[in-house]
Structures are given as C-alpha cells and as structure tokens.
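Structural features, examined
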Amino acid sequence: KQRKDSTMSASTTTDSPTTKPPIVIIHDPYETNNDDIHKKKRAKTTKTNNNSKKSKQRNQPTIFRPESNKLLDDMLHPLPKEDFLQHHFRKDAVHIQRQPRSHQSDLVSYICSNYLFDLDAHQLFTETSSENVFLWLSSHSNANSNTATTSSLNSVEISDPETAYALHTSGCHPAYCRAPPLLEQHLVGSLLRATG
C-alpha cells in the first residue's frame, strides 16, 4: 500500500530477496515531482507528523562543509538525522535522490576548491592518503571468430603518482584513491561526532 507524504517519500529496493542491506531512496520534495514518487513500488515512509513539520522548517543545504557539525544533517536533507539514526543507521544503504540541476555542483564546490585542488588529478594522486593509486584497465578478448568480443576490468595499483597520472591521462583509464589527509580528518571526525 502506498501513502502520500508532503515532505518526503522513501522506497526500498533490492536486486534479489537475499540482497542486504536494502536501498532506501529518499526523494527531495523540492526537486522531485510527487507524481513520479508515488508511482514507485513498495513505497514506505519513516517519518512521524512531528518530524514532517521539522523537515519543512529546515532550510535546503546550499553547500557541504566537511568541518561543519551539521555536515550529516546537510547530506541527509530532507531526511531528519534522528530518523536516519533510529531507522537506517547500520541497517540500510540510504540514497538521497535529487534531480540534476545547474546548482547541484555547488553542494560540493567548497570541498572541491578547498580540499580537492579543484579536482586536479595530478595533485590528487600526489596528495592522496592512499599508499597507491588504483587504475581500472580494460582488456578485450576474442575466443574465436564465432564469438562476441568480451571485456573485463582489472584493478592495478601504481605506487608512483607520476606513472599513475601518465596512465590516467594517456590511456583515459579511470582512477581512484583516497582523499587527501585533511579532508579525511574533517569528514571522519564530523560524521563520527554526528553518529555518536
């Protein structure tokens, strides 16, 4: 049974009956058409009337600041932090669903400019907290002429940031690594304080 909620809607989706944890999708009412929300199956709501009023009164976040004590509140908006801790923390994977809009990048612009070197890959590889930079390398193979080409991805660890950057840029290989130490410290500290 589906129930309308003026503040938010949540749905739980799983790929199979054994998939854990379930994915709880929270729709931002200010950015999602309510008609689309209520078409989703297995819709559920984890809010009380009081929490609905609180959510309406909270301002929509405009920027994420890692050093802020309100970081978790901003990341979870419009889901109240109290609801998250009571109903979802350590139980569900929560996804805050927002429609792409021109200002969405502003939410992380402060982090990008102040902690991530404006997303400069070379600087990120140099300053990462990771001992190695990881790159995804794709490989293609043909068993024989009668079969289709198959591809696979292999993760490769590169200890030298210069080599990692050269492979990343020349071969367009996706790369990943941990954030710089300062960003990690702020993020971990803020979220640990918020979750107790």
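In what follows, the accompanying structure is described. (Residues numbered from 1 in each chain as written. Predicted model: local features only at pLDDT ≥ 70, side-chain atom pairs only at ≥ 80, totals over all residues. Heavy atoms only, no water.)

1. What to know about a nonpolar patch on the surface
Residues W136, L153 and Y176 make up a contiguous nonpolar surface patch of about 300 Å² in total accessible area. By the secondary structure assignment, Y176 is in strand β7 (residues 175–176). (Patch = residues over 30% accessible without salt bridge, like charges linked within 9 Å, V, L, I, M, F, W, Y side chains within 5 Å. Areas by Shrake-Rupley, 256 points an atom, 1.4 Å probe, with all protein chains shown as cover. Salt bridge = Lys/Arg side-chain N within 4 Å of Asp/Glu carboxyl O. Helix = DSSP H or I, 4+ residues; strand = E, 2+ residues; numbered from the N terminus.)

2. Side note on the packing of aromatic side chains
On inspection of all chains with the given rule, the structure shows 5 aromatic pairs. A centroid spacing of 5.8 Å and a plane angle of 50 degrees characterise the contact between F84 and F89, whose relative ring orientation is tilted. Arranged with centres 6.2 Å apart and planes meeting at 65 degrees, the rings of Y110 and Y115 form a pair that is edge-to-face. Residue Y110 shares its accessibility class with Y115, and that shared class is buried. Site record: aromatic cluster; members linked through ring pairs are F134, W136 and Y176. R65 extends its terminal NZ or CZ atom over the ring of Y110, reaching a point 4.3 Å from the ring centre. (Phe/Tyr/Trp six-rings, centres within 6.5 Å; stacked < 30°, edge-to-face > 60°. Buried < 20%, exposed > 50% of the residue type's maximum accessible area, 1.4 Å probe, protein only. Lys NZ or Arg CZ within 6 Å of the ring centre and 35° of its normal.)

3. Focus: unusual backbone geometry
A cis amide bond, omega 10 degrees, links H77 with the succeeding residue P78. Relative to the elements of secondary structure, P78 occurs in the loop between α3 (71–76) and α4 (81–88). Positive phi values are uncommon outside glycine, yet F117 reaches one of about 50 degrees. Within the element layout of this structure, F117 appears in the loop between α5 (106–114) and α6 (121–127). Located in the positive-phi region is L119, a residue other than glycine, with phi close to 65 degrees.

4. Regarding the nonpolar core
Counting 9 residues, the largest nonpolar core is built from F64, L71, L107, Y110, I111, Y115, L116, L124 and L183. Ranked by size, the runner-up nonpolar core spans 8 residues in total, among them I26, L72, F84 and I96. (Core = buried A, V, L, I, M, F, W, Y, C linked by side-chain atoms within 4.5 Å.)

5. Notes on the side chain of S129
Mapped onto the secondary structure, S129 falls in the loop between α6 and β5 (133–141). Here the side chain of S129 touches A179 through a polar contact of 2.8 Å, landing on its backbone oxygen. In this structure, S129 is in contact with R178, A179, P180, P181 and E184, ignoring residues within four places of it in sequence. (Polar contact = N/O pair within 3.5 Å; in protein donor to acceptor, adjacent residues only side chain to side chain. Contact = heavy atoms within 4.5 Å.)

6. Digging into the pattern of salt bridges
Pairing between side chains of opposite charge can happen when their charged atoms approach one another. Considering all chains together, one arrives at 2 salt bridges under this definition. For E67, the salt bridge goes to R65, with nearest N and O atoms at 4.0 Å. Residue class for R65 comes out partly exposed when judged on its relative accessible area of 37%. We note a salt bridge from R178 to E184, for which the minimum N-O separation is 2.8 Å. Residue classification places R178 among the partly exposed residues on the basis of a relative accessible area of 44%.

Note that all results are geometric; they support no functional claim without further evidence.
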